[in-house]
Number of protein chains: 2
Amino acid sequence: MTEKAPKTGYDCIVVGAGLSGLIAARNLKREGLKVLVIEAQNRIGGRMVGKLLPSGQWIDQGGQWVGPTQHRFLNLLNEYHIKRFASPSEGLKVLVFDGKRYEFNGFFQGYHEGDPPGVSDEEWNDAINAWNRFKKLSDDLPQGHPHFGDDIEKLDSDTLARWISDNTKTPFGNWYFSYMCRAVGFSGPSEPKEVSLLHALYGEKVASQSEAPEAELLHGGAGQIPSLIAKELTSCIQLNEPVYTIKHADDFVEVVTQKGSYKAHSAIIAMPPHLAGHLLYEPPLPALREQLTQRIPMGTCCKILVTYPTPFWREKGLAGIAIGNNKWVELAADSSDPETGVGVIAAFVSCDRYRKWQNLSSSERKESVLSDLAIYFGSPAMSPTTYEEVNWPRNSYTGGGYTAYMPPGVWSSMGQALSPAIGPIHWAGTEMSDVWPGFFEGAINSGELSASNVLLSLSNLKQSYSK
Amino acid sequence: MTEKAPKTGYDCIVVGAGLSGLIAARNLKREGLKVLVIEAQNRIGGRMVGKLLPSGQWIDQGGQWVGPTQHRFLNLLNEYHIKRFASPSEGLKVLVFDGKRYEFNGFFQGYHEGDPPGVSDEEWNDAINAWNRFKKLSDDLPQGHPHFGDDIEKLDSDTLARWISDNTKTPFGNWYFSYMCRAVGFSGPSEPKEVSLLHALYGEKVASQSEAPEAELLHGGAGQIPSLIAKELTSCIQLNEPVYTIKHADDFVEVVTQKGSYKAHSAIIAMPPHLAGHLLYEPPLPALREQLTQRIPMGTCCKILVTYPTPFWREKGLAGIAIGNNKWVELAADSSDPETGVGVIAAFVSCDRYRKWQNLSSSERKESVLSDLAIYFGSPAMSPTTYEEVNWPRNSYTGGGYTAYMPPGVWSSMGQALSPAIGPIHWAGTEMSDVWPGFFEGAINSGELSASNVLLSLSNLKQSYSK
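Residues numbered from 1 in each chain as written. Chains lettered and ligands numbered in written order. Predicted model: local features only at pLDDT ≥ 70, side-chain atom pairs only at ≥ 80, totals over all residues. Heavy atoms only, no water.

This paragraph deals with the overall build of chain A. Broken down by element type, chain A carries 13 helices and 21 strands. In terms of overall dimensions, chain A is globule-like: its C-alpha atoms have a radius of gyration of 23 Å, near the 23 Å expected for 467 residues. Each principal axis of the C-alpha distribution contributes one length, and for chain A these read about 75 × 55 × 40 Å. Sorting the 467 residues of chain A into buried and exposed places 64% on the buried side. In chain A, the share of contacts with a sequence separation of at least 24, taken over all contacts with a separation of at least 6, comes to 73%. When the accessible surface of chain A is split by element, carbon and sulfur atoms take 51% of a total near 17,000 Å². Distance between charge centroids for chain A: 5 Å, based on 42 positive and 51 negative side chains. (Helix = DSSP H or I, 4+ residues; strand = E, 2+ residues; numbered from the N terminus. Rg over C-alpha atoms; globule rule 2.2 N^0.38 Å. Buried < 20%, exposed > 50% of the residue type's maximum accessible area, 1.4 Å probe, protein only. Contact = heavy atoms within 4.5 Å. Areas by Shrake-Rupley, 256 points an atom, 1.4 Å probe, with all protein chains shown as cover. Lys, Arg positive; Asp, Glu negative; His and termini not counted. Charge placed at Lys NZ, Arg CZ, Asp CG, Glu CD.)

Here you go:
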């Protein structure tokens, strides 16, 4: 292949057209900067991606929910006139534990309200007491990235599994906490044995279930948003162009792809951290950053979207929300848009369950998920209209889902290398955010912040030129 | 850049010209196969690399030692007529703990002989008792990669830091074990908080200090070996050619680089696991492998080679071997070749010490290392002839040193994805080996094994063609 002279004249090149990259590029363009967005995949949106089913129903293959304290995301939804509706939750919830099935009129996801499920008082209190101890530790962390805290090395020297083992007495209490790590919170998801106790505490601190991040869903889905943002980025986005190399000096960046190269005053790398680490930097990055990106794996989760002619579970008084230590599906949630009348269940197969499940044949995988849904919601679950697996760990340009997590020792030794720019290279992506990391809210925060930092650095650069 | 048709006619393409890649390519070529070795760097050898000093003294910037049970490496040395000499150890060893300096006539590196250092009996027994408990746990593991063992998940759910904290009573006992993790054994090196207890136990099982892997050094250094192997690979090695993409099907591999593309019946990816994960695979690899390579970071270590006109420490009866919780250098070892008369100290700055140290200026780094050596060996250490840092974590094509390690949870959940070939793609590199991983011995084992597996698969392929 022949070397061509790089294309020049760009103020900032954004690598990655996920939500944070799009927000960063849009904000810079609004300030009059010349921006180029380069994306490896054949589409924009990253983990904000939807699909139109033959029925006319939109489903979200990536994230889907919004909560009342996610102000940046709510503002974005208002700006684009996207309407929200309460995530369906009326009716009885289902818990399945060790083969016993409980219907109950309450809710617990760390925080609990209403009636407890029918497990014994000992089991219930064990789970709740452990949660309260965990919450207390989490509250005591400082705001922001946890490496700024004093005395955090001890918390970062244990796995969450060790803490759970030391702080629960019953198999139910142990499972419940593990379920929180594998299916719901603390970012990741990960097995408790994989994640730092400090990271789990930090996850609960800055993206707390107490703030109900799954309170609402969007008419038309979150997947419609990337193209709305991209309307302001006409002819600024190039798809199907993996980036290989970032050459850099104090005052320029050259981004080299399969197809060409591009020179700019600055760059924003808006990718999951481990993928940012896949690029070759010339000269090499500082050792802390080089090694940090070897140590932030993506979580392990497949999202499965199953649709039915109607939300049949409601006829039996069920909310369509179920958790349990079933063989495959630990969490399933009603995601039906009331305007369409279609029944939609979002089910999740995570971590060790995922690792076994993904070895099955396609028909075995479907059968196993539907069987678990039938245990939760009854036999009509076996007869869906559509069945869609979104296998994030097999997507090389994402590497997993929902988000990245820190194994033990990483925050306390290398956390300081996560977000600061290195010369003209800025980092974005929901994993960078110290509020709602792993959520759309974190992606927007990180995109906005990186754009501000680029603007600041370019204005400093102009000042130094004019001297 | 323009697409060219791939070059064809290769039986096997080896990506990476470190020791394992060279051994694999050599073995395949000896069997008459058409082999191509593609290397990203401007030199072969990987972590087997030497440098000629102005004095005529060779130093090893990577690995340097060999032990009596490393039979593959010993055979290789014999084949190339490389002579060995006992790693200098006569005289008093030095221990510095919490500012106190002890000279003693013994040795302890996990295993101990001779007199103990002058710490209190309580401290000494604490360290030794913990070591014995650790050794017992390690002995009880099955042979080979530890994920084959029963009941290993519990060991894989804790950090080594937690085990040390639970199994030592004195600061000395705690430090000694941490030192073993940071500077000597268990592969990595890593902080105890970063590594799985299971991985540390496995490291001691399959690369045991009891077998004295640092018993001997090589006249002329290990760095002379790659070019000796490469004599059999004339015109088969291409340098300065980073690989980007591996396209694959059941019966072929196409390796795409910055400069062109190459098609073969099979490929051996002979790189550290995290770097193998940096390549783009089309189609994507199974999720287990994709996510495993996000979870095997390289250790954190800078090797510093300091030379003196003579081994001055011997005049004071010192062996030139020192360990201690000094500010920067926890381990220093006499590496002087008796044939040259030059004094050579190999010093190591690892893990959290390294992460602070690498922020210093070049002169501060040198001053800090020499000051620590002066504490160990006396003030002549401040006046070296040469001072050479080999900063492995800043080398993008290695990513750290000495080798990779597993954080908690990785072996038990994903270990099965480490070494098996995926279609025509085979994996090599010392990290793959289940004997002496992280050592030259492991690299040779892995290179030999991958070559055998390629031969087997190609002979199967031919049989299926002839049917």
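Next up on the list: the UniProt feature "domain: Amine oxidase" (unreviewed entry) in chain A. Mapped onto the present numbering, the UniProt feature "domain: Amine oxidase" (unreviewed entry) falls at residues 19–455 of chain A. End C-alpha to end C-alpha, residues 19–455 of chain A measures 19 Å, and it is 30% helix and 23% strand. (UniProt positions renumbered as here; feature names shortened; annotations may be inferred.)

Contact with chain B, which involves 53 residues of that partner, is made by 54 residues of chain A. When chain B packs against chain A, the two sides together hide about 4,600 Å² of surface, and 47% of this comes from carbon and sulfur. The tally of links between chain B and chain A comes to six salt bridges. Of the charged contacts in the structure, one is a salt bridge between Asp158(B) and Arg162(A), with a shortest N-O distance of 2.7 Å. The interface formed by chain B and chain A includes 38 residue pairs in polar contact (both at pLDDT 80 or more). (Buried area = accessible area lost by both parts, 1.4 Å probe. Salt bridge = Lys/Arg side-chain N within 4 Å of Asp/Glu carboxyl O. Polar contact = N/O pair within 3.5 Å; in protein donor to acceptor, adjacent residues only side chain to side chain.)

Each regular strand shows side chains that alternate between the opposite faces of the sheet. Residues and elements named next belong to chain A. Along strand E21 (residues 425–428), one buried face is formed by Ile-425 and Trp-427 and the opposite face, lined by His-426 and Ala-428, is buried too. Across four bridges, strand E14 (residues 261–270) lies against E21 in parallel orientation. Opposite Ile-269, over in E21, you have Trp-427 as the bridge partner. (Pairing = 2+ DSSP bridges.)

What follows deals with the sheet that holds strand E19 (residues 343–350) of chain B. All names here are of chain B. With respect to topology, seven strands assemble into an open sheet ordered E7-E6-E17-E18-E19-E16-E20, the strand pairing being mixed. The strands lining the two open edges of the sheet, one partner per strand, are strand E7 (100–104) and strand E20 (386–391). Each adjacent strand pair in this sheet contributes to an overall mean axis angle of 20°, direction not counted. Taken together, the four bridges between strand E18 (residues 331–334) and E19 define a ladder with antiparallel strand orientation. Note that in E19 the partner of Ala-332 across the bridge is Ala-347. (Axes fitted to C-alpha atoms, helices over the stretch in contact; angles between N-to-C directions.)

Right, let's get into the relation of the copies chain B and chain A. You can overlay chain B on chain A at an RMSD of 0.0 Å; the transform is a turn of 180° with a shift of 0.0 Å along its axis. What the superposition gives is, in effect, a two-fold axis relating one chain to the other. In this assembly, 100% of the residues forming the interface of chain B have copies in chain A that are likewise at the interface, indicating an isologous arrangement. (Least-squares fit on C-alpha atoms with pLDDT ≥ 70 in both.)

Okay, the pairing of strand E2 (residues 35–38) of chain B next. All names here are of chain B. Side chains of E2 alternate between two faces, with Val-35 and Val-37 and Leu-36 and Ile-38 buried alike. Note that strand E1 (residues 7–15) and E2 share four bridges and pair parallel. From the neighbouring strand, Val-15 faces E2, where its bridge partner is Ile-38. Each parallel crossover has a hand, and the one from E1 via helix H1 (residues 19–30) to E2 is right-handed. Summarising the sheet, E2 and strand E11 (residues 237–238) pair through two bridges and their orientation is parallel. Residue pairing for E11: Val-37 is matched across the bridge by Ile-237. (Right-handed = clockwise from strand over helix to strand, strands pointing away.)

All names here are of chain A. According to the domain assignment, chain A consists of domain 1 (10–48 + 223–285 + 422–465) and domain 2 (50–62 + 86–218 + 298–394). Relative to domain 2, the C-alpha centre of domain 1 lies at a distance of 32 Å. With 15 residues of domain 1 in contact, the opposing surface of domain 2 contributes 15 residues. Summed over both partners, the interface of domain 1 with domain 2 comes to about 1,200 Å²; 66% of that surface belongs to carbon and sulfur atoms. Area buried by domain 1 at its contact with domain 2 is led by Arg-47, Asp-434 and Trp-436, which between them contribute 43% of it. (Domains from an automatic or database assignment.)

Between its terminal C-alpha atoms helix H5 (residues 171–184) of chain A stretches 19 Å, which fits the 20 Å expected from 14 residues at 1.5 Å a residue. Burial analysis of H5(A) places 12 of its 14 residues in the buried class, the great majority of the element. (Expected span 1.5 Å × (residues − 1).)

For the rest of this paragraph, the subject is the side chain of Ser190(B). Residue and element names in this part refer to chain B. Among the structural elements, Ser-190 can be located in the loop between helix H5 (171–184) and helix H6 (197–206). Given a relative accessible area of 0%, Ser-190 falls into the buried group. Those residues in contact with Ser-190 that lie beyond four places of it in its chain are Cys-181, Arg-182, Val-195, Cys-351 and Tyr-405.

The next thing to look at is helix H11 (residues 362–377) of chain A. Residue and element names in this part refer to chain A. With 16 residues, H11 ought to run about 22 Å at 1.5 Å a step, and its terminal C-alpha atoms sit 22 Å apart, in line with that. Those residues of H11 not exposed but buried are Arg-365, Ser-368, Val-369, Leu-370, Asp-372, Leu-373, Ala-374, Tyr-376 and Phe-377. Gly-378 sits one or two residues past H11 and shows a positive phi near 105°.

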